[in-house]
Every structure is written in structure tokens, then in C-alpha cells.
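Residues per chain, in single letters:
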Amino acid sequence: MKTINKLIEKVLSYNPKADVDQIKKAYIFSREAHCSQKRVEGSPYIHHPLAVADVLADMKLDTATIAAGLLHDTVEDTGTSTDDIKEMFGSEIAFLVDALTKLSRVEFKTREEAQAENFRKMLLAMSKDVRVILIKFADRLHNMRTIKHLSEEKRRRIASETLDIYAPLANRLGIGWLRIEFEDLSFKAVMPDLFGDLQKKVAKRKEEQYKYIDEVKNIISEKLSAAGIPAKVKGRIKHYYGIYQKMVQQKIPFEQVNDVIGLRIMTDTVSHCYDILGIIHSLWPLVPGRFKDFISLPKSNMYQSLHTTVVGPGGDRVEFQIRTEDMNEIAEEGIAAHWRYKERDGIDKKNSRFIAWLRELVKEISDATEFLEAVKGEVVPETVYVFTPNGDIKELPAGSTPVDFAYSIHTQVGHKCVGAKANGRIVPLRYKLNSGDAVEIITSPSHIPSRDWLKFVVTQRAKSRIKQWIKTEERKQSIELGTKLVEEEIRRHGLSLSILKTEKVDEVLKYFSHSFLEDLYVSIGYGKISAHQVVNRLAPEKTEKTEEMELPKLTKTPKEKGGVITIKGIDNVLYHVAKCCFPVPGDQIVGFITKGKGVTIHRKECSNLERLAVDIERLIDVEWSRDTDITSPTRLYIESIDKPGMLANLSSLISSADVNISSLKANSTHDKRALFELTLEIRNRSQLINLVNKISQMDGILNVRR
Ligand code: MN
């Protein structure tokens, strides 16, 4: 069992100058505050804060963190206030306890908006002081270690949250051992049987593996000592959850998870790291493409190491990690290693680089769900390093494209980017950048971002800038559409547009809970409310019939130049032909206001319309303006007997009707039928009906439908 004396002993072992009195005082205060409480399994509550402080001492953290660990539940669970803590322990510890109290009111359920927001708050607190999250980790770790005392439902919830949020975050902070323990504990809590089974199998295999590891180790150690290079060599074996993930991802049983043998060599200096690398490569052939130098180019979570894989004795692959002791400390402890010495060194550069990343992320993304995605998504950003035309190095997550690069330079460069060159050669915008590429962005002042970019950009910055642009653009279009619809409705009521300048507008705005006319237009343009409703509020019709729920009447309006669709006399409205029913001129049609994208035109008999009509406010009356020469695409599905010449006859019939086929798909079934899907350029409904009749009369045709 943990005791305060053992805790103090541990702290003094790495920090002889620790403020022992402070820690004792925190212990006594916490014990008093929690004296009436018990843990679920029945032990005194103080065991929990003591265990949390013990984990923090394992991480070799400063006195304030240890004390805050002891006090972390006092404000949340007892009558203590943050002010009490401040008075007793000063503002540094009070800040930590306060931040933890706020976090403990947070229960995340993954992916849900509200919880995501809380998660964001957690990272905000962390970006002010990383120790908050370290204490939170220690708290969660002890809760996970004792999770067997909880109900199954609670176990499941806490474990999946640990797996979804805490483990990736620990990894992001570079605390490798913590991620592994989080993952294995969660795995065990959720699937105890599978875990037990795997544990047995791994133990069995371990014996063989260690035999092999020892063999390699001996060869290496001998060479190193002959060369006079001091080194520690350790074998590594994959953790349980890692094996399980491989089994799931590759759909293979345990026996087939071929766990690559891994060895880690730690030495004193960087130049010895490279010497060791040379020795390994001279002993065994290297596996191409597996060598990585994270010493000269560290990962953004400060990780440094050399990685290489060779074909070892007996033809097995062996993975090596080579690093200095200092680098190893950072690889294992991540951000915690930096805090360790903070007590007197101040914050070092690498630490602030991480915090800068975090602050940037917090600043960049206001949407909580998106934020959670980002943190999870950028958990281990493998990095590419590319050059700007000035020769500056840019660091981007692996998979980044020229568009990501452009947005990392400036939002406007991103928006206006039309092309890119890598090493002087033109590359597509979706090209994946490689380390060492010299990238040049080609811009055009009139260019605008494309929604398609979202499919391939990987940086959060690019994603959020593009989305922001689209949002603004959709709003502009909705204002335009909303304005047109309202103005037309006012005219239809026989009123003057000047009514929009009267005080009545304020009442209407208030009624629809908007502050500005522009927002009202947006609501109309998005189809949330109808222009009819608005104008009725503005100037109630005396003879108010049941018209409210009806579609406005068709108005025949002379058509000017422009498109082929008229919306109640409004021209130049952005519209799309629905891809579900492909209406052609002459068909009975209805318009549906699509959020931010203007109007989509459906055939009146379109089966989707029934579903859309739930939103009756968004349906508007439209008509074809007149016969035009413009053709519209429409689709025909034809079923026939599968016999030679069918397709040739079909296409010659269609072209003799003066109709273009823009695409054609043909399939045959096992029962000797042929199915054709044709996209045709049709001038109007009567042309289409004629064509369908002609096709139906063809020999061997079974069915024709749109
Ligand atoms: Mn706790």
C-alpha cells in the first residue's frame, strides 16, 4: 500500500530539494477533507489521492504538482473551496486544483458535441499549464488500475473514453508508457476474456522471442564493446492492445501477427548513435525504406531517435531504435520529462514548440467536434519537411498537399492557389508532398477555393479555412436568394418595396428572432422560413385563406435571357437539376431550396419529393420558361433480352431520333437479360415521350423507365 512516507522518500530520491513540508501539509489537509469518504471497494478515500501523487512522483514531477495531486479531489468532493486552498497552499497549487475541479465536472462521451466542447476546455487549461493534464492522467490511470470494482456499464464507458481520448492524448504528449498502459488497461476492462487469452499466448511466444533477442543482443554488444562505445541494449515486445489492433485491422489470428523483433540501444552521445547505426548496417543488410533519422529531424512531439530495420540472423527482420539516454527519457516521458526540470530551468524551447502547436490548434478551431477530430487525427503526425521558394523549411503532417502548404503560408495564398510546382515540375493540387520537395505555389487573383479540396487536404488549418470560405459564400448566396424571394412576394401582395424600410420590419425580425434583415434573408435562403410567412407578417392579407400551407400559384412570366427555369418570375436564380429524377423541359416540376446552394429542381412525381415535402416551407413553385434549344440530361433504364446487336439497334434508334447519348452502362444478368443505363441529352418532354414509345416497340425490349 502507498503511504505518505514512501511517497516523500520517492520524491526526495529525484528531487533532494523538494518542499517536504508542503507535501505533508497537502496530505494531512486531503486526509481530513476526505475523512468521511470511502472508495467503491471500501478502502479510505485518501488512498486514491495518495496513489495519484505516487504516479506523479514516478513521473518525477515538481512539488506543486505532487501537492496538487494530493488535493485534486478536495474541492470537487468535499466542503473545501478554491480560496481555502489558495490561502493554505498559495496560488500556483490553487490554480492546478481549480483547473482539475473544473475538469472533473466533465464526463466525455466520445464524439458528442457537448463532451467535445469540454475536451476542448481541457486542452485550453492544459495549454496554460501542462501539469493540469499530467495530474488528470495520473488520476485516470489510478481509476483505470482499480476499474474492476465498478459496474460493467461504467467500466465500459470509462474504458472507451480512455481509449478514445486519454491514450491518443498521452501519445500526442510523447508519454509512450502511459499510452501503452491506458490502452492495455482499457482493452482488459472491455474485453477481459480476450485479453486473458492473448496474455497467455503472448507469454508463450515471449520465451522464443527473448531467446532470439538475446542472440542478437550478444552479437551487437560484443561489437560495441570492441569499438569502445558505451551502450545499453534492450529488447522490445509489442503491447497487448497493439497486437489486438493488428489482428483486427488485418483480420488475422494471433499466430499470424508477425511481431517484428525490436531492440533499443541507448548510448551517451549523438555521434555514438551514428557509429552504432554504422555497425548495425555492416553486420546485417538493411531493409530499404525503413531507415529514419529523427535525430536530425525530430518529430513535433520532441521525439528523437534513429530507426532502422535489418535482416537479422536466420532471416528475421529486426527493428532497431538508437538514441541517447536523454532522448530516451523524452521518448518515454514526453512532456513530463520537460516539466521535471522546470522547477528551476524555466521552460525550454522544445516544450514551447509543443505548447505552440496546442495553442495554434485551440485558436484555429472553434467547432468543438472538429477540434476533437483534429486532436485525434493529428495524434502522431508523421512529418514531412519541405522548402519554400526562399529556402525556408516548413514542417507539415505527412500526406500534406500543395494546398496544405499554400494555406500554411497565408490564407489568401490558399484561396487563390491554382497550381503548384514541386522541384520545378508542375504537380497536381492533390499531390502528396515528400520531405525535401521545394514547393512553389501558383496563384491567380480570381481563383476561389473548391469544396473538393476538403477531400484531400490534411492540415486543420487548410480544412477550417476552406470551410470558413464556403460558409461565407453560402451565406452570400442565401442572402441573394432570400432577398429575391421576399421582393417577389411583396410584389405579389401588390405592395411597394419601401415597406422594407418601415418600422414593421423590426416587429417581423423580432417575431422570427433575428436582429438583422440580412439574417432573415439567410433563413429564407436556407429554407428555414418562407418568404410568404415573412410578408404575411409584414402586411397581413385581409382575406387570409388556407393559402398559408399551399404553394404559391403558378405565374406565367415572360422569360428573358438566361437559364431555363423561372421561379415565380425571378430570374437568374442559382439552380440545379436533381440527380434523382433528371427533369426535362415539359415535365411538371417543383423547386426545393437547398441550404446555401440555391434551388434544386425535381419532377413532381419524384419519390424523393415526398420526403422533402415535410419541409413545406422550402418548396417553391417553378416552371420551365419556354421551349428552348438547351438540352437537359436525363436518365433512362432499359431492360431487354440479351442478344447480339441489341445495343447497336438501340443506339441507332436513339440517334435517328436526334438525341445524344452522353453516357451508357450495360450489364447482363445470368438469366439472359440485358440492363442498360443511358444518360441522354433531351430537349423536352415530348421528345422524351416519343423516344420512350419508339424504344418500347423495339424487338426484344422488356421494359423502359426513367
Ligand atoms: Mn480523482
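For the structure, see preceding data.
First things first, this report covers the structure right here in the doc. (Residues numbered from 1 in each chain as written. Predicted model: local features only at pLDDT ≥ 70, side-chain atom pairs only at ≥ 80, totals over all residues. Heavy atoms only, no water.)

## Some points on the sheet that holds strand S19 (residues 701–705)
Reasoning step 1: Spatially, S17-S18-S16-S19 is the arrangement adopted by the four strands of the open sheet, whose pairing is antiparallel. Only two strands of the sheet have a single partner each, and these edge strands are strand S17 (660–668) and S19. Adjacent strand axes in the sheet meet at a mean angle of 20 degrees when their direction is disregarded.
Reasoning step 2: Examined bridge by bridge, S17 and strand S18 (residues 673–682) share eight bridges and lie antiparallel to one another. Paired with Ser663 across the bridge in S18 is Thr679.
Reasoning step 3: Packed on one face of the sheet, helix H27 (residues 646–656) meets strand S16 (632–641), S17, S18 and S19 and runs near 20 degrees to S18. (Pairing = 2+ DSSP bridges. Helix = DSSP H or I, 4+ residues; strand = E, 2+ residues; numbered from the N terminus. Axes fitted to C-alpha atoms, helices over the stretch in contact; angles between N-to-C directions. Contact = heavy atoms within 4.5 Å.)

## Description of unusual backbone geometry
Reasoning step 1: At Asn423, a residue that is not glycine, the phi angle is positive and equals roughly 50 degrees.
Reasoning step 2: Turning to its location among the elements, Asn423 is positioned in the loop between strand S8 (417–422) and strand S9 (425–427).
Reasoning step 3: With phi around 65 degrees, Lys672 is a residue other than glycine that occupies positive phi space.
Reasoning step 4: Mapped onto the elements of the fold, Lys672 is located in the loop between S17 and S18.

## Brief notes about the packing of aromatic side chains
Reasoning step 1: In total, this model carries 13 aromatic pairs according to the counting rule given.
Reasoning step 2: A network of ring pairs unites the aromatic residues Phe187, Phe195, Tyr240, Tyr241 and Tyr244 as a single cluster.
Reasoning step 3: Between Lys25 and the ring centre of Phe89, over which it is positioned, the NZ or CZ distance is 5.3 Å.
Reasoning step 4: Seen from the ring of Tyr511, Arg537 lies directly overhead, with NZ or CZ sitting 3.8 Å from the centre. (Phe/Tyr/Trp six-rings, centres within 6.5 Å; stacked < 30°, edge-to-face > 60°. Lys NZ or Arg CZ within 6 Å of the ring centre and 35° of its normal.)

## Comments concerning the packing of helix H12 (residues 192–227) against helix H13 (residues 240–250)
Reasoning step 1: Two elements in contact, H12 and H13, have axes whose closest approach is 10 Å; the angle formed by their N-to-C orientations is 105 degrees. Classed by the angle they form, the pair H12 and H13 counts as roughly perpendicular. Within the contact between the two elements, H12 uses Leu194, Phe195, Leu198, Gln199, Val202 and Lys206 and H13 uses Tyr240, Ile243, Tyr244 and Met247.
Reasoning step 2: Looking at side-chain class alone, the contact of H12 with H13 contains eight nonpolar, one polar and one charged residues. (Parallel < 35°, antiparallel > 145°, perpendicular 65-115°, else oblique. Nonpolar A, V, L, I, M, F, W, Y, C, P; charged D, E, K, R; others polar.)

## Comments concerning the coordination of the manganese ion
Reasoning step 1: The protein atoms donating to the manganese ion are His48 (NE2), His72 (NE2), Asp73 (OD) and Asp139 (OD), with metal-donor distances spanning 2.2 to 2.4 Å.
Reasoning step 2: Here the donor residues of the manganese ion share one chain and are spaced in sequence as H-x23-H-D-x65-D. Separated by 67 residues along the polypeptide, His72 in the loop between helix H4 (63–71) and helix H5 (74–77) and Asp139 in helix H9 (residues 131–145) bring together distant segments of the chain. The residues His72 and Asp139 share a single accessibility class, namely buried. (Donors = N, O, S within 2.8 Å, 3.2 Å for Na, K, Ca; no water. Buried < 20%, exposed > 50% of the residue type's maximum accessible area, 1.4 Å probe, protein only.)

From the geometry alone we can't say anything about function, so treat these as descriptive.
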